[in-house]
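# Descriptive structure summary
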Amino acid sequence: MGLMSRALWHVNRSPLRWAVKTGVSTWHLSDKQERRRQAELLTVSAQEKAKAEDLNRDGYAVVTELMDSSIQQAFADAGKVRLKDIEGLEAKQSSTWKKFWVRLLDAEMQNDQLSADNIFVRYAIQKSVVNVVSTALGEIPWLDYVLLSYSRYTGESLASSQLWHRDHDDVRVIKFFSYLTDVEDDADGPFTFLPKQSTDKFGYPLLGSHFPDEQVFNRVPREDIKVMRAPRLSSFMVDTTRCLHMGSRMGPGHGRLLYTATFFSFPRMFPGTKNRPFFATPNTTAFEKLLLGL
């Protein structure tokens, strides 16, 4: 992490983050206004509005029932295909710093980019997902990346995202998750979090960014946690800046396939830190390019 990125990371743990976000947004005012205008043009259902309200109030929303059945089967089938070649895809990862994870989409990237036609990109920009996130943020969001990760038991001490943490990449980070395997037991490594109200009780400790259970539950009642045990193809959204969370605490012999799509409000707080992870195709619409930052 560079000096500027590290400084912004610390700013994002303080009330100053909103001032910095406003300043960064000023440089892109016309783009920001266009995203807000486009959001006002969306046809959003009452159910989608209710989910956006849940997300803003509590920091999370379960959205399984909103998923587009016309692409869900292709999404599920694509997950099955990649599960058959965990070892082969592990060898093609571009990042291996989380030993309990295997990144399953790295192998199909071209110059570190996924095609806008990729099923895992299309699943992120389906209508209901865009409507909920846009309504929650008040603008058309920026899809920062999609990730397909296979979590497995390593026998090592808990580390990184297996410990409680918030995301500090921006003032708000809305992550859209879908299980591609059944996660119905604690040994399956369910995504686990504290709603916004409970996370507020924990606050921002001066030292550290990843916390063990005992430190969290010295401040927050253990019964406040939400454990996302759910069958395959269950979907939910979490504002990971507002909700302490952890996951991938796998039991021996268990594996979990999780899809993640990460949305920010435009522009990113860390402009220029990495290339766009998507590329357009002849089928990519102008609206989709807006979502993908192209």
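Look above for the structure.
Presented here is an overview of the structure given in this document. (Residues numbered from 1 in each chain as written. Predicted model: local features only at pLDDT ≥ 70, side-chain atom pairs only at ≥ 80, totals over all residues. Heavy atoms only, no water.)

## Here's the deal with the sheet that holds strand β1 (residues 60–62)
- Pairing is antiparallel in the open sheet, where six strands are placed in the order β1-β8-β5-β10-β4-β2. The two strands at the open ends of the sheet, each matched to only one other strand, are β1 and β2 (101–103). Strand-to-strand twist of the sheet, defined as the mean angle between neighbouring strand axes without regard to direction, takes the value 25°.
- Two strands pair when backbone bridges link them, and strand β5 (residues 173–179) and strand β8 (residues 235–239) are joined in this way by five bridges, in the antiparallel orientation. Residue pairing for β8: Lys175 is matched across the bridge by Val238. (Pairing = 2+ DSSP bridges. Helix = DSSP H or I, 4+ residues; strand = E, 2+ residues; numbered from the N terminus. Axes fitted to C-alpha atoms, helices over the stretch in contact; angles between N-to-C directions.)

## Section: the environment of Gln73
- Counting through the fold element by element, Gln73 comes out in helix α5 (residues 69–83).
- Taking relative accessible area as the criterion, Gln73 reaches 49% and is therefore assigned partly exposed.
- For the pair Gln73 and Pro252, spaced 179 residues apart in the sequence, the C-alpha separation amounts to 29 Å. (Buried < 20%, exposed > 50% of the residue type's maximum accessible area, 1.4 Å probe, protein only.)

## A few points about the pairing of strand β4 (residues 142–152)
- Within β4, nine of the 11 residues are buried, leaving the element largely enclosed by the surrounding structure.
- Pairing of β2 with β4, which is carried by three bridges, proceeds in the antiparallel orientation. Within the sheet, the bridge partner assigned to Trp101 lies in β4 and is Ser151.

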